[in-house]
Amino acid sequence: VREPDLAGRHVVVSAGGTREPLDPVRFLGNRSSGKQGYALARTAAARGARVTLVAANASMPDPAGVDVVRVGTAVELREAMLRAAADADAVVMAAAVADFRPATYATGKIKKKDDQDPAPIALVRNPDILAEISTARARSGQVVVGFAAETDDVLANGRAKLKRKGCDLLVVNEVGERKTFGSEENEAVVLGADGSETPVAHGPKEALADTVWDLVAARLE
Ligand code: PMT
């Protein structure tokens, strides 16, 4: 049993993947299952925190003792995160958020016309929630953590992303078999804005989550 080192703290975690609707039956989405975010929520609750989990399209049941807010799109995720972050000691963005959404939404199902080429899908930019929360810092001393799933130049891309987003910690995980999207397991390097690098060996998503909370707890003290 762990020490309740997050007792008296409010932490907010996002999980899952946003879906950006094109029409009533179609969306642009990604392969996030929500497992990493749920592992973060469960482990924080086990360490005594009050936990708000903002879940985007995850199919898992609500973890015991966690406040769950369910959302669909990036815009809905932003609203729920900003509301919950207002009094949070720490915010962790494990969700995979669409950078762009379709510029228009068709209220009726888009029909295929046999004599026409498919119409291109015009996109507009979604808000960058992590950058906004990092910049705004609803509370002084609030610790903000981002995630980055990368396929190439993993660490270099992670370091650049950490700077661009302005968060305190960035968990860099490489996309691959038996890790990241959909897997029960993960492996990562946690980059700190202070230049620290904490490698986390391949293992259950809870183990990575506990390392994240160790690093957060050290920054809250
Ligand atoms: O859900 P699982 O199946 O368990 O998989 C876990 C995971 C692979 C989704 C997770 O470990 C992970 O890496 N999440 C981040 C995915 C990602 O690639 O994020 P990104 O590089 O697009 O964004 C970087 C950071 O900015 C993330 O913290 C993201 O939440 C945030 N972001 C991104 C875009 C945007 N418009 N707003 C944001 O806040």
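Scroll up to find the structure this text is about.
Described below are features of the structure shown in this document. All values reported here derive from a predicted model rather than from experimental measurement.

## Remarks on the overall build of the chain
- Helix and strand content of the chain: five helices and 12 strands.
- The C-alpha radius of gyration of the chain comes to 18 Å, within 12% of the 17 Å expected for a compact globule of 221 residues.
- Burial statistics for the chain: of 221 residues in total, 41% are counted as buried.
- Long-range pairs, those at least 24 residues apart, make up 62% of the contacts in the chain between residues at least 6 apart in sequence.

## Some words on the site of the ligand
- The environment of the ligand is formed by 26 residues, the closest being S33, K35, M93, I129 and L130.
- Looking at the shell around the ligand, the elements that each hand over two or more residues are α1 (35-46), α3 (129-136), β9 (143-150) and α4 (154-165).
- Among the elements that make up the shell around the ligand, the one with the highest residue count is β9 (four residues).
- In terms of residue class, the shell around the ligand is built from 12 nonpolar, nine polar and five charged.

## Remarks on helix α5 (residues 205-220)
- For α5, which comprises 16 residues, the first-to-last C-alpha distance of 23 Å matches the rise-based estimate of 22 Å (1.5 Å per residue) to within 8%.
- Restricting attention to buried positions, one finds in α5 the residues K205, L208, A209, V212, W213 and V216. The buried residues of α5 occupy an angular sector of 140 degrees when projected down its axis, which confines them to one face.
- Where α5 is buried, its residues meet α1, β6 (90-93), β9, β10 (169-174), β11 (185-192) and β12 (197-204).

## Let's talk about unusual backbone geometry
- In this structure, N57 takes a positive phi of about 55 degrees despite not being glycine.
- With respect to the helices and strands, the residue N57 is situated in the loop between β4 (50-56) and β5 (67-71).
- The residue D153 is not glycine, and still its phi comes out positive at about 40 degrees.
- Within the fold, D153 resides in the loop between β9 and α4.

Criteria and cut-off values
Residues numbered from 1 in each chain as written. Predicted model: local features only at pLDDT ≥ 70, side-chain atom pairs only at ≥ 80, totals over all residues. Helix = DSSP H or I, 4+ residues; strand = E, 2+ residues; numbered from the N terminus. Rg over C-alpha atoms; globule rule 2.2 N^0.38 Å. Buried ≥ 20, exposed ≤ 12 C-beta atoms within 10 Å, placed from the backbone. Contact = placed C-beta atoms within 7 Å. Near = placed C-beta within 6 Å. Nonpolar A, V, L, I, M, F, W, Y, C, P; charged D, E, K, R; others polar. Expected span 1.5 Å × (residues − 1). Arc of directions from axis to C-beta.

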